Amino acid sequence: MEWIEVLGIILLVVGFVLAAVEMMVPGFGLPGISAAVCLVAGVFCVTDTLAEGAFVTLLVLALLAFMLAVILWLLSKGKLKSPIILREEQQKDKGYISSTDLNYLLGKKGVAVTDLRPTGTGDFDDIRFDVVSEGKFIDKGARLKIIRVSGAKLIVREI
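All figures in this text were calculated on a predicted structure; none of them were measured in a lab.

Visitor: Please set out the pattern of salt bridges residue by residue, giving values where relevant.
Guide: This model, assessed by the stated rule, comprises 3 salt bridges. The residue K108 makes a salt bridge to D125 at a minimum N-O spacing of 2.7 Å. Of this pair, K108 sits in the loop between α3 (50-76) and β1 (109-112) while D125 sits in the loop between β2 (119-124) and β3 (127-133), and the two are 17 residues apart along the sequence. Here K108 falls in the partly exposed class, since its relative accessible area comes to 27%.

Spelled out as structure tokens, the structure:
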């Protein structure tokens, strides 16, 4: 076995390892580009003819597809930790509130930070919220009162 073939095998192994890293890390970055370069260079190093090159390329693609299937199966069964799934919980008893749980603001008074035409921004206890007037124009600086909460929408009236 010549040194160029040994180099080709090493490049193929490194390419497969980098491809596996790329399959685990979201995005297309340095591992993916490096894997592609290593795999192409490895195919060129281990083959002598065009027919061999085509066969080895198909074999490499089949192995990559198999690796992807195995990694996806392991991720779906929870045997591998996915880097794109958030594991932490934001619970209400720890101080987190959802954007739709705004009923605690009902009746609060504040100031219009922008003109409400009918939407704009209001300041309530030094916290800015996107608000909607009852349908009429309200000038910037006017006093506001939250009269209704509809989902994540705060409906205000000038006072």
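Visitor: Before we move on, can you summarise the environment of T119 with the specific residues and values?
Guide: Among the structural elements, T119 can be located in strand β2. For T119, a relative accessible area of 48% gives the class partly exposed. Sequence separation of T119 and L58 is 61 residues, and the distance between their C-alpha atoms is 58 Å. With near-sequence residues (within four places) excluded, T119 lies in contact with V131 and V132.

Visitor: Lay out the nonpolar core with the relevant residues and their values.
Guide: Among the nonpolar cores identified, the biggest contains 14 residues, and F124, V131, L144, I146, L154 and V156 are the most heavily contacted of them. Broken down by secondary-structure element, the contributors of at least two residues to this core are β3, β4 (143-150) and β5 (153-158). Ranked by residues supplied to this core, first place goes to β4 with 3 residues. Setting aside anything within four residues of it in sequence, one finds I146 in contact with L105, L106, G107, K108, F124, L154, I155 and V156. Counting residues in each nonpolar core, the second largest holds 10 residues, with L12, F16, V56 and M67 among its members.

Visitor: Outline the pairing of β2, supporting the account with residue identities and numerical values.
Guide: Bridge count for β1 against β2 is 2 bridges, and the pairing is antiparallel. Residue V111 lies in a different strand from β2, and its bridge partner there is D123. Counting the residues that bridge the hairpin from β1 to β2 gives 6 residues. Hairpin connection from β2 to β3: 2 residues lie between these consecutive antiparallel strands, with D125 at a positive phi of about 55°.

Visitor: Now, about the layout of surface pockets: what can you tell me, with residues and values included?
Guide: Over the atoms a probe the size of a water molecule is rolled, and this reveals where empty space is left. Each pocket or cavity is described by its volume, and for the largest pocket that value is around 200 Å³. In this structure, the largest pocket is lined by A36, L39, V40, V43, F44, T47, T49, G53, T57, V60, L61 and L64. Of the residues contributing to the lining of the largest pocket, the split by class is 8 nonpolar, 4 polar and no charged.

Visitor: Account for the environment of W3, naming residues and giving values.
Guide: By secondary structure assignment, the location of W3 is in helix α1 (residues 3-24). Through-space distance from the C-alpha of W3 to that of C45 is 9.5 Å; in sequence the pair is 42 residues apart.

Visitor: Before we move on, could you go through the sheet that holds β5 and cite the residues and values that matter?
Guide: In spatial order, the strands read β1-β2-β3-β5-β4; together these 5 strands close into a barrel with mixed pairing. If you compare each strand with its neighbour and ignore which way they point, the axes differ by 55° on average. As judged from the 3 bridges shared by β1 and β4, these two strands associate in the antiparallel manner. If you follow V111 over to β4, its bridge partner there is R143.

Visitor: With reference to specific residues and values, describe the state of the cysteines.
Guide: Tallied over the full model, the rule gives 0 disulfides. Counting only cysteine sulfurs, C45 is the nearest neighbor of C38, a cysteine outside any disulfide, at a range of 10 Å.

Visitor: Describe in detail α3, supporting the description with residues and values.
Guide: For α3, built from 27 residues, the straight-helix expectation of 39 Å at 1.5 Å per residue is met to within 8% by its first-to-last C-alpha distance of 39 Å. Burial in α3 covers these residues: G53, V56, V60, L64, M67 and I71. Check the buried side of α3 and you find it contacts α1 and α2 (30-46). With its phi angle positive at about 80°, G78 sits one or two positions after the end of α3.

Basis of the calculations
Every chain is numbered independently, its residues counted from 1 as its sequence is written. Local features in this predicted model are restricted to residues of pLDDT 70 or higher, and side-chain atom pairs are both shown and tallied only at a pLDDT of 80 or more, whereas totals for entire chains, interfaces and linings draw on every residue. Values shown for side chains rest on all heavy atoms present in the structure; no hydrogens or waters enter the calculation. Any carboxyl oxygen of Asp or Glu within 4 Å of a side-chain nitrogen of Lys or Arg constitutes a salt bridge here. We count a stretch as a helix when DSSP gives it H or I for four or more residues in a row; a strand needs E for two or more, and each element gets its number in order from the N terminus. Burial classes: relative accessible area under 20% of the type maximum marks a residue as buried, over 50% as exposed, and values in between as partly exposed (1.4 Å probe, protein chains only). By the convention used here, residues are in contact when the closest approach between their heavy atoms is within 4.5 Å. What makes a nonpolar core is a set of buried Ala, Val, Leu, Ile, Met, Phe, Trp, Tyr and Cys residues whose side-chain atoms join them at distances within 4.5 Å. Only when DSSP finds a minimum of two bridges between them are two strands counted as paired. Points on a 1 Å grid, built from protein atoms alone, make a cavity when a 1.4 Å probe fits but cannot get out and make a pocket when they are open with protein on both sides within 12 Å along at least 5 of 7 lines; residues with an atom within 4 Å of a point are the lining residues. Grid points are joined across faces, edges and corners, and a volume is the space filled by probe spheres set on the points. Only Asp, Glu, Lys and Arg are considered charged, only Ala, Val, Leu, Ile, Met, Phe, Trp, Tyr, Cys and Pro nonpolar, and every remaining residue, Gly among them, polar. Lines fitted to C-alpha atoms define the axes here, with helix axes fitted over just the stretch in contact, and angles between the N-to-C directions of these axes take values from 0 to 180 degrees. In this description, a disulfide is simply a cysteine sulfur pair whose atoms lie within 2.5 Å. In this analysis, the expected span of each helix is defined as 1.5 Å times one less than the number of residues it contains.

Any link to function would need more than the numbers given here.
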